[in-house]
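Summary of structural features
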Amino acid sequence: REPYVVSSKGYTAVAINAAAKAGEYIKSRQGTVKELGTKSSAQDLVTEVDKGAEQMIRRLVLTHYPEHAILGEEGVEPGADAVTAALEEAKEHEYLWIVDPVDGTTNFVHGFPFYAVSIALAVRGELTVGVIYDPVRDEMFVAEKGKGAYVHGVKTAVSSEASLGDSLIALGFPPDRQFSQPANLAAFQNILPKVRGIRAGGSAALHLAYVAAGRVSGYYEVGLSPWDCAAGVLLVKESGGQVTDTLGDPYHIGTRHIVASNGHIHDDILSSLKEAGATGF
Ligand code: IPD
Ligand code: CA
Ligand code: CA
Ligand code: CA
């Protein structure tokens, strides 16, 4: 195995180290959850492991960079308005770490082995480092702005499928069910007959990492939060892919409705969402 670290740059090494430590902890706790709570809805779960992993990451980052700011999922009240307010405040900081300690909590709770730690660093509003760690497969995805993306020293690249008919598409149904229907169902119904296959794995971060690594051709989901996609967006871009919102406008930190792809099929995904009336929510 190649080591995780792709460059000696301090930020990346700290992000990798934090993701590895938190990931190890999460994996060791699978099947042992004691506190199962809910947040915005009955489907929106949180456990002591989400909180514990976020604490670990916070502590590690702040040990190295006490003056940096951290926007972590478990430090923000649930609900779109609270997320928007927290992001507005966080954006004031020159160095902002955007952290999802466990992306795929529902999977984690059920023992479905598809969840990840996601850590991004934005410098003056620009995504600079993105790390996603899958502790189950021990896969560390690392992207640095302008330097490409890697998984264990091997450069990642998006796939080459040029049509939806040849494509494997990932998507997600957010726990906030107002986003699931009816537009989300209409989008699903529209795109399903056109593609080779659909996967809904339940981790936005891993779906984005898989677009970056060419394992799926594209991914879309509405109603996401900054920590679900910040690291993954940089991975996709640095792997030669494209990321926009569902209207086709460029991604910015705070974009909630995401389309990520190998670039070739991007417009076809956008058209399908448009046909289904699933671009604005
Ligand atoms: C969730 C996962 C899921 C997606 C949800 C996210 P969480 O994140 O990424 O795949 O469908 O929209 O909220 O809560 O498990 O970190
Ligand atoms: Ca959550
Ligand atoms: Ca998440
Ligand atoms: Ca989470």
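Residues numbered from 1 in each chain as written. Chains lettered and ligands numbered in written order. Predicted model: local features only at pLDDT ≥ 70, side-chain atom pairs only at ≥ 80, totals over all residues.

For the rest of this paragraph, the subject is the site of ligand 1. The immediate surroundings of ligand 1 are formed by 16 residues, with Asp 103, Thr 105, Gly 172, Pro 174 and Ala 204 found nearest. Looking at the shell around ligand 1, the element that brings in the most residues is strand 4 (residues 95-103), giving 3 residues. For the shell around ligand 1, the class distribution of residues is 6 nonpolar, 5 polar and 5 charged. For the shell around ligand 1, the domains that each give at least three residues are domain 1 (10-155) and domain 2 (164-275). (Near = placed C-beta within 6 Å. Helix = DSSP H or I, 4+ residues; strand = E, 2+ residues; numbered from the N terminus. Nonpolar A, V, L, I, M, F, W, Y, C, P; charged D, E, K, R; others polar. Domains from an automatic or database assignment.)

What follows is about the pairing of strand 3 (residues 69-72). Here is the key point about a regular strand: its side chains alternate between the two faces of the sheet. Relative to strand 4, strand 3 is paired through 4 bridges, and the arrangement is parallel. Across the sheet, residue Ala 69 finds its bridge partner in strand 4, namely Leu 96. Once the chain exits strand 3 it traverses helix 3 (residues 80-90) before rejoining the sheet at strand 4, and the crossover so formed is right-handed. (Pairing = 2+ DSSP bridges. Right-handed = clockwise from strand over helix to strand, strands pointing away.)

Among the residues of helix 8 (residues 266-275), those classed as buried are Ile 269, Ser 272 and Leu 273. The buried residues of helix 8 occupy an angular sector of 100° when projected down its axis, which confines them to one face. Buried positions along helix 8 lie against helix 5 (183-191), strand 12 (218-221) and strand 14 (258-261). Downstream of helix 8 by one or two residues, Gly 277 has phi in the positive range, about 70°. (Buried ≥ 20, exposed ≤ 12 C-beta atoms within 10 Å, placed from the backbone. Arc of directions from axis to C-beta. Contact = placed C-beta atoms within 7 Å.)

Turning next to the sheet that holds strand 10 (residues 168-171). Across the sheet, 5 strands lie side by side as 11-10-12-14-13; this open sheet has mixed pairing. Only two strands of the sheet have a single neighbouring strand rather than two, namely strand 11 (197-199) and strand 13 (242-245). With strand direction ignored, the average angle separating the axes of adjacent strands in the sheet is 20°. As paired elements, strand 10 and strand 11 share 3 bridges and run parallel to each other. Its bridge partner lying in strand 11, Ala 170 is registered against Arg 199. With respect to the sheet, helix 6 (residues 204-212) is in contact with strand 10, strand 12 and strand 14, its orientation differing from that of strand 12 by roughly 155°. This element, helix 8, spans strand 12, strand 13 and strand 14 of the sheet and lies at about 150° to strand 14. (Axes fitted to C-alpha atoms, helices over the stretch in contact; angles between N-to-C directions.)

In this section: the nonpolar core. Counting 79 residues, the largest nonpolar core has Ile 119, Val 131, Leu 208 and Leu 235 as the members making the most contacts within it. Viewed by domain, this core spans two of them, domain 1 (10-155) and domain 2 (164-275), each represented by three or more residues. Setting aside anything within four residues of it in sequence, one finds Ile 119 in contact with Ala 15, Ala 18, Ala 19, Ile 57, Trp 97, Val 99, Val 131 and Ala 231. (Core = buried A, V, L, I, M, F, W, Y, C linked by C-beta atoms within 7 Å.)

Glancing now at the domain arrangement of the protein chain. Each domain of the protein chain was delimited in the assignment, giving domain 1 (10-155) and domain 2 (164-275). Measuring from the centre of the C-alpha atoms in domain 1 to the corresponding centre in domain 2 gives 20 Å. Residue-level contacts link 36 residues of domain 1 with 26 residues of domain 2. Of the residues contributing to the side of domain 1 that touches domain 2, the split by class is 19 nonpolar, 11 polar and 6 charged.

Moving on: the sheet that holds strand 8 (residues 148-151). Spatially, the 7 strands line up as an open sheet ordered 3-4-5-6-7-8-9, and their pairing is mixed. Each edge of the sheet is formed by a strand with only one pairing partner; in this case those strands are strand 3 and strand 9 (154-155). Where strand 5 (residues 116-123) lies against strand 6 (residues 126-134), 7 bridges are found, and the strand directions are antiparallel. Across the sheet, residue Leu 121 finds its bridge partner in strand 6, namely Val 129. Relative to the sheet, helix 1 (residues 10-29) contacts strand 4, strand 5, strand 6 and strand 7 (139-144), its axis offset from that of strand 6 by approximately 30°. The strands that helix 7 (residues 226-238) touches are strand 3, strand 4, strand 5, strand 6, strand 7 and strand 8; relative to strand 6, the one it contacts most, it runs at about 100°.

This next bit is on the pairing of strand 14. Here strand 14 shows no split at all, with Ile 258 and Ala 260 on one side and Val 259 and Ser 261 on the other all buried. Bridging between strand 12 and strand 14 involves 4 bridges; their strand directions are antiparallel. What sits directly across from Tyr 219, in strand 14, is Ala 260. Sheet analysis places strand 13 next to strand 14, joined by 4 bridges and oriented antiparallel. Across the sheet, Asp 245 pairs through a bridge with Ile 258, a residue of strand 14.

Averaged over all residues, the pLDDT of the protein chain is 94; the fraction at 70 or higher stands at 95%. This prediction of the complex comes with two scores: 0.96 for pTM and 0.98 for ipTM. (pLDDT = per-residue confidence, 0-100.)

It is worth spelling out helix 1 at this point. Its 20 residues give helix 1 an end-to-end C-alpha distance of 29 Å, which sits within 8% of 28 Å, the value for a rise of 1.5 Å per residue. Considered for burial, the residues of helix 1 that qualify are Tyr 11, Thr 12, Val 14, Ala 15, Ile 16, Ala 18, Ala 19, Ala 22, Gly 23 and Ile 26. Where helix 1 is buried, its residues meet helix 2 (48-64), strand 4, helix 4 (105-110), strand 5, strand 6 and strand 7. Downstream of helix 1 by one or two residues, Gly 31 has phi in the positive range, about 85°. (Expected span 1.5 Å × (residues − 1).)

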